[in-house]
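# Structural overview for review
One letter stands for each residue in the lines below.
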Amino acid sequence: MTAKFKANSKLWLTQKYSPLELENKVRAFWDENQTLKKVAQIRQKNNKKQLGYVEGPPTLNGIPHIGHARGRVIKDFHYRLKVMQNYYVSFWAGWDTQGLPVELEVEKTLGAKNKKELIARVGEELFVEECKKSIMKYHKHWVDADTMLGMFIDQDKAYFTHQDRYIEREWQYLKRAWEQNLLGEGHYVVAYCPHCQTSLSNAEVGLGYQEVEDPSMLFKFKVDQTENEYFIVWTTMPFTIITDMMLGVKPEEDYAKVKVKDEVWILAKERVEPIMEELEIENFQVTEVMKGKTLVGKKYDYPLKDLVPKQGELDKHPLVHTVVAEEFVDVTTATGIVHLAPANGEDDFLASQKRELPMFAPFGDGAIFTEDAGVFAGNFVRKTDSMVVEELEKRNLLLSIKKIKHEYPTCWRSKHKLVWLARREYFLWTNKLNKKVVDAALDVEYFFDSPKNRFLAFLKEGKPWCVSRDRIWGSPLPVWVCDECNHKVLVASRKELIEKAIDLPDKDFELHKPWIDRIKLKCEKCGGKMTREHFVLDVWHDSGSSPYARFSDEEFEKFVPTDFLTEAVDQTRGWANSLLLEHIIMTGKAEAPYKQFLFQGFVLDAKGRKMSKSLGNVLETSQMLKERSADISRYYLLGKCSPIDSMNFDPNELKKRPYQVLSTFYYLHNFFLQNAEYDNFDPTTHTLQWAKTENVLESPDCWVLSKVQRLVKVFTQKAEVCEFNSALSQLEDFVVNILSREYVPMIRKDLWSDEPETLNRRLAVYATLYYVLRKLVLLFNPATPFLSEALHQMIYKELDNSLAETVNLEDWPEPDQALEDDALEEEFAILQKTLPLVYSARQDSQLKRRWPLAKVVVVASTNVHNAIKKLEPLFLELANIKCVEYADSVPDVDSELWATATEDEITVLVDKVRDDSLEGEGLMRDLARRVQALRKELGFSPTDIVDAVHLAELEPRNVELLKPYIAEMEGLVRTKKIHIHDNADEFKADWHQDKLDKKKLYIAVV
RNA sequence: GGGCUUGUGGCUCAGUUUGGCUAGAGCGUUCGGCUGAUAACCGAAAGAUCGAGAGUUCGAAUCUCUCCAGGCCCA
């Protein structure tokens, strides 16, 4: 007899689960059959509904790491689930290709001291070419990683944010904003490097914190209309006194009036002592304490009006040079009163904007003061620090001047100290839309409360959006300004540009700098020449316009609002926000462009540290997937914890539980197929219906069939609400516990036989396994698509060719109520609670499970008794006991003769006494087990029949005990004859020494 | 510095919304057992002052406050 493993010949299904090999074969299969495309095409033609999806475009400036993989796996999980539920989803890739990170990469490649020098050297054309090369290099890495991961996202339909057709549609958002007066000029404070003469992004600012030395100046401003009252203030940037506009206090904190000599000083109460100590003032007296908010509106004498005439003009504004209350003021350091220079600090700036103060930003290129700064004009801002100190001293307003070392942002490139400067920028006045924004956001499903609250809290701030950037590689801001009359137009299409151009150097121009800057338009007002504003757009505007920009008009109608989007939690302020704002600008409706948004937690390293280049703990996806299974990685990423929690990723954990679950699932298929093929099981004729009609379904089958309905229900429900971890743990429990640990042992004995008269029973088991395993393959597919596809192709399609050509086109399982049986599940739960008690009692008395015993007494309530009675044959077989008795209370028994175990309300008593017959049978099972082990070791297949089995050096008493069971044993170990020898020397054979209860014996198999 | 979030045996996670029997599970470890699908599994043992401290309460992992540490976002 030969092995009954037909599918082996296909080279796909191997005896051993080797996920890497298997996944390679599945990848090749998908590739060869264009499965991804086919699935999409079929669903496009034939679907329950079309669902919109737009890809949150990864920036192509780095290699995808395991954190990205988490998001991609969740996206793919959702896609496959929806496809199997008969939806078409526009699951098309997209890439963010512009902006600072790309420019930095190119600067590095080309070697640059600073941007100005570089552009002067290579020119913008070459710079832009290099940017394109750079992104395409990374694009390849991303597509490779996606392929390795098994992402069924359509790469051919990908959008790239730098493509002209994308930019042109992105401009439509700006056009809508322009028409609604939601786009315009304003000021914003940005970090600026005076050496590189460029502004820096927040990300760049974060790169360059260093310890530097600055002046530490304590000074006073006189309260207006008083003789001797002063606000006490501290700063490390004396030059900002030049642009000073307000003083800030914290509204709910205590401030004190302190008498010092003949003056009254005002500062935070808790800072009085430390400041007096610092100034070495011993005689002082707190005369009054008041809340910060009571100081609001008090005017102070701005001391440098004579030097900065412009400040004198500003002083006429009712709020300029007065006290305001702001929550950001810190009363635990310095004096608890801060001076606010809106042109030189973001908090200051926002405080001024909120109150609609006029802007005073007297800076030119290189952070040099302009004429507006009076006597300070012509100086680099920080150079005036000492001048300001001097002037305050002259006016008796200086209390102390020292040096301080502190952490301060410097330019990561030139190491120069950064300054914050208000610059002219373009804004989307999204603050005007705030109510719509918040309302729209409230309608979205976020699945979990914490990210929702966080997102809403952020949105409620309702800040205007500064969309202009002073860079090269980006979508240009399509605003042209007349050189003559300053008239502005926004031109949002290529066609219109060509029509309006007076200077069009090249008809095939690209919508990028520098080409677009060469286009001059004719002013419709005065006929003058119009020049484009030099800005490019914030990259968040690029990606935020994807719902309109990546689709056609028709697709936009169909797919937006999209159904389900998911990104990491850092996108709260990023893409989730820009999508929302732009969509509201575009449609005018209080509607988000997504119905559901899942914010995922971050992936950290095994020790919970952030992954960073400097720590060297970044795990690249493709690199990892060369050695690790994609299925197992996917399973791990989805299953380890809730998607909103941050995850400590430890590659070593992949081979633990996730591997165990998937391998068990795989081996269950081995087990099923091995047996089913042997009996020529045909799922199309041997259906569950057939088994019912033939009356060959037994209680374990009905139980597992009922259980799987519940699994389908719960799994689907959990998956729909993004509790992937709970869904998978249900699946895991089913595979490992319900099927492998419980069901298989129950039906194993039915499969041992190969008699024709029990064939139908075996076929019923196969029908059950086929049904259950196939459901599991489908449930597994969104998480582990390689394994599911492999099993579908190798087993299910092999057995039933009418099935879909890929597992992805199979229908998602629906629970079948007809197969649910709550009462039976309850009975089995009782059985499974009682059995371990028997095992436990046996263990205590060293009674091996393969030794049959005479009797067990179950002491429990009636419903436990009834359940066991109903399942009695099964109970006895699994307990390996000949008979069971039932009792209501624990009888008084001799513990020498009875082994007991108790849990909750159930006690079992096991009869320890074994007569010769029981002992003989137990011995036979012991020996059989050892023979089986040897057979396996010698390479026999389970179904091979061996000529003879020889046993030697058994004790004489054991030989006697064994005799009645020789025939049974011959059947069990599949041999024609068992020979028993006193001594191994008697017979020449390949003897193997073994041990039975610490005594030597010899076995040979021929 | 601010907002949000996490902290539970060696490891990974439940449990916290709504306070309540002895804080659960899986992995790992040790001992024993089972096993012709399985690196699965079964029985038992060791192992947690539930981040620390204080408070509320008859009772706190759970509620409140403070602090410490990690993470995200923002300054």
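We now turn to the structure provided with this report. The shown structure was predicted, so the numbers you read here are calculated from the model rather than taken from an experiment.

About the criteria used
- Residues numbered from 1 in each chain as written.
- Chains lettered and ligands numbered in written order.
- Predicted model: local features only at pLDDT ≥ 70, side-chain atom pairs only at ≥ 80, totals over all residues.
- Heavy atoms only, no water.
- 1 Å grid on protein atoms, 1.4 Å probe; cavity = no way out; pocket = protein on both sides within 12 Å on 5 of 7 lines; lining within 4 Å.
- Points joined across faces, edges and corners; volume = space filled by probe spheres on them.
- Helix = DSSP H or I, 4+ residues; strand = E, 2+ residues; numbered from the N terminus.
- Nonpolar A, V, L, I, M, F, W, Y, C, P; charged D, E, K, R; others polar.
- Axes fitted to C-alpha atoms, helices over the stretch in contact; angles between N-to-C directions.
- Left-handed = near helix turned anticlockwise from the far one by under 90°.
- Contact = heavy atoms within 4.5 Å.
- Near = heavy atom within 4 Å.
- Polar contact = N/O pair within 3.5 Å; in protein donor to acceptor, adjacent residues only side chain to side chain.
- Buried < 20%, exposed > 50% of the residue type's maximum accessible area, 1.4 Å probe, protein only.
- Pairing = 2+ DSSP bridges.
- Salt bridge = Lys/Arg side-chain N within 4 Å of Asp/Glu carboxyl O.
- Expected span 1.5 Å × (residues − 1).
- Phe/Tyr/Trp six-rings, centres within 6.5 Å; stacked < 30°, edge-to-face > 60°.

## Overview of empty space enclosed by the protein
Tallied over the full model, the rule gives 4 cavities of 30 Å³ or more. What the largest cavity holds in volume is close to 80 Å³. Along its surface, the largest cavity is lined by Leu51, Gly52, Tyr53, Lys75, His78, Tyr79, Lys82, Val89, Phe91, Asp563, Phe564 and Thr566. Of all elements in the fold, only α3 (66-84) and β27 (562-568) reach the threshold of two or more residues within the lining of the largest cavity. Residues belonging to the lining of the largest cavity are distributed by class as follows: 6 nonpolar, 3 polar and 3 charged.

## So, the packing of helix α25 (residues 759-780) against helix α26 (residues 785-799)
Interaxial distance between α25 and α26 falls to 10 Å at its minimum, and their mutual angle equals 150 degrees. For α25 against α26, the interelement crossing comes out left-handed. In this structure, α25 uses Tyr770, Leu773, Arg774, Val777 and Phe780 to contact α26, whose residues at the interface are Ser788, Leu791, Tyr796 and Leu799. The residue makeup of the contact of α25 with α26, split by class, is 7 nonpolar, 1 polar and 1 charged.

## Considering the protein's contact with RNA strand B
Within the structure, RNA strand B sits among 41 residues, and Arg573, Lys610, Arg850, Arg935 and Phe940 are positioned closest to it. For RNA strand B, the fraction of atoms within 4 Å of the protein that belong to sugar or phosphate moieties is 69%. Tyr667 places a polar main-chain atom, nitrogen or oxygen, 3.2 Å from a base nitrogen of RNA strand B. Looking at the surface near RNA strand B, the elements with two or more residues in it are α10 (346-354), α13 (449-461), α21 (657-678), α24 (724-752), α27 (822-844) and α30 (916-937). Top contributing element to the surface near RNA strand B by residue count: α21, with 7 residues.

## Remarks on the pairing of strand β18 (residues 419-428)
In terms of residue burial, β18 counts as a mostly covered element, since 7 of its 10 residues are buried. As defined by bridge partners, strand β5 (residues 183-193) adjoins β18 across 10 bridges and the pair is classed as antiparallel. Within β18, the residue paired with Gly184 across the bridge is Phe427.

## Topic: the pattern of salt bridges
By the definition in use, this model includes 67 salt bridges. Here Lys713 makes a salt bridge to Glu820, at a shortest N to O gap of 3.3 Å. With Lys713 in helix α23 (residues 699-720) and Glu820 in the loop between α26 and α27, the pair connects residues that are 107 residues apart, well separated along the chain. Of the charged contacts in the structure, one is a salt bridge between Lys718 and Glu723, with a shortest N-O distance of 3.4 Å. Overall, the relative accessible area of 22% leaves Lys718 in the partly exposed class. The network of salt bridges with common partners includes Glu55, Arg72, Lys75, Asp146 and Glu567.

## Quick look at the sheet that holds strand β21 (residues 479-482)
Overall, antiparallel pairing links the 5 strands, which are arranged β22-β21-β25-β24-β23 in an open sheet. In this open sheet, the two strands that pair with only one neighbour each are β22 (488-490) and β23 (501-503). The mean angle between the axes of side-by-side strands here comes to 40 degrees, regardless of whether they run parallel or antiparallel. When β23 meets strand β24 (residues 520-522), the two strands line up antiparallel, connected through 2 bridges. Its bridge partner lying in β24, Ala501 is registered against Leu521.

## Notes on α21
For α21, built from 22 residues, the straight-helix expectation of 32 Å at 1.5 Å per residue is met to within 8% by its first-to-last C-alpha distance of 32 Å. One or two positions beyond α21, positive phi appears at Asn680, with a value near 50 degrees.

## Topic: unusual backbone geometry
Cis peptide bonds are those with omega within 30 degrees of zero, and the linkage from Lys513 to Pro514 qualifies with 0 degrees. For Pro514, the position within the fold is in the loop between β23 and β24. Of the consecutive residues Val560 and Pro561, the connecting peptide bond is found in the cis state with omega at 0 degrees. Not every positive phi belongs to a glycine, and Asn181 is a case in point at roughly 55 degrees.

## Some words on the packing of aromatic side chains
By the definition in use, this model includes 40 aromatic pairs. Each ring, one from Tyr446 and one from Phe455, has its centre 5.9 Å from the other, and the planes form 70 degrees; the classification is edge-to-face. Here Phe672 and Tyr770 contribute two aromatic rings whose centre-to-centre distance is 6.4 Å and whose plane-to-plane angle is 50 degrees, an arrangement assigned as tilted. On the criterion of sequence distance, the pair formed by Phe672 in helix α21 and Tyr770 in helix α25 is long-range, its members being 98 residues apart. Among the residues examined, Phe672 registers a relative accessible area of 0% and is labelled buried. Pairwise contacts between aromatic rings join Tyr446, Phe455, Trp575, Tyr594, Phe597 and Phe599 into one cluster.

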